[in-house]
Amino acid sequence: MLTHNTLDTLRQLKLTGMCDALEQQRAQPDTHDLAFEERLALLVDREVLHRENRRLERLLKAARLRVPACIEDIDYHHPRGLERSRMAGLASCDWIRQSLNLCITGPTGCGKTWLACALGNQACRQGLSVRYLRVPRLFEQLRIAHGDGSYARLMNQLLKTDLLILDDWGMQKVTAQQRQDLMEVIEDRHGRGSTLIASQLPTEHWHDYIGSATLADAILDRLLHGAHRLNLKGESLRKAKTQKTESVDPS
């Protein structure tokens, strides 16, 4: 009866990890031979692990990463200019803690989105908040926010995100309103959060993409000054995988 009361109390206190661990100890007679301090340490460790897992689940759900990618699965064999030491440095996420930016550029299919999501996943695993958005989707959300009065709330959400991933940068010309909105987003985050840009468009063409010389200078100065850059090369990974599949297909 006493144990059941304890389990109920742990649930009421939302100590789910400790509750599960205590039930597991009851079902495993070997743990009864452990000292009280050792059994308590196991309960505490289980609670910490449970909370870390729950937090990771929340962070990944909020991030809405486009693909399930992780750093450990990076393919370094494909010749696209990726260096293990460089990726190890980025995987530490120190650049995010320092509010620095990262620009990933390269041709279609070279893995820009995949790498961006892998770094986003890594950031979540280190307890950092992440949000993935395609640039057209960002502009659409901002347009709607202007109309329904939620603009300030959306901007605050973007500001508080440790890593904002903007994919498909430079796919189409921006309007005057989109240009101004982009300036506000980048200005708000400058020095207070990291932005990861993934784009087919080389950085030397970003000025033309943004359009207005004055705003383009201001936006790019904040984005590119001191930013890390990954310039990917080589053929499409998707094309290479397709050709490899076809080469072993007996049909």
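Calculation notes
Residues numbered from 1 in each chain as written. Predicted model: local features only at pLDDT ≥ 70, side-chain atom pairs only at ≥ 80, totals over all residues. Heavy atoms only, no water. Domains from an automatic or database assignment. Contact = heavy atoms within 4.5 Å. Buried area = accessible area lost by both parts, 1.4 Å probe. Polar contact = N/O pair within 3.5 Å; in protein donor to acceptor, adjacent residues only side chain to side chain. Patch = residues over 30% accessible without salt bridge, like charges linked within 9 Å, V, L, I, M, F, W, Y side chains within 5 Å. Areas by Shrake-Rupley, 256 points an atom, 1.4 Å probe, with all protein chains shown as cover. Salt bridge = Lys/Arg side-chain N within 4 Å of Asp/Glu carboxyl O. Helix = DSSP H or I, 4+ residues; strand = E, 2+ residues; numbered from the N terminus. Buried < 20%, exposed > 50% of the residue type's maximum accessible area, 1.4 Å probe, protein only.

A. Seen up close, the domain arrangement of the chain. One can read the domain layout of the chain as domain 1 (1-62) and domain 2 (66-238). The gap between the C-alpha centroids of domain 1 and domain 2 is 39 Å. In this assembly, five residues from domain 1 lie in contact with seven residues from domain 2. Across the domain 1 to domain 2 interface the summed buried area is about 460 Å²; carbon plus sulfur atoms make up 66%. Looking at the side of domain 1 facing domain 2, the largest losses of area belong to Leu 56, Leu 59 and Leu 60, adding up to 74% of the total buried there. Counting across the domain 1 and domain 2 interface gives one residue pair in polar contact (both at pLDDT 80 or more).

B. Region of interest: a nonpolar patch on the surface. Together, Phe 36, Leu 40, Val 44 and Val 48 give the surface a local cluster of nonpolar side chains, amounting to about 360 Å² of exposed area. Within the secondary structure, Phe 36 is located in helix α3 (residues 36-63). The class for Phe 36 is exposed, based on a relative accessible area of 60%.

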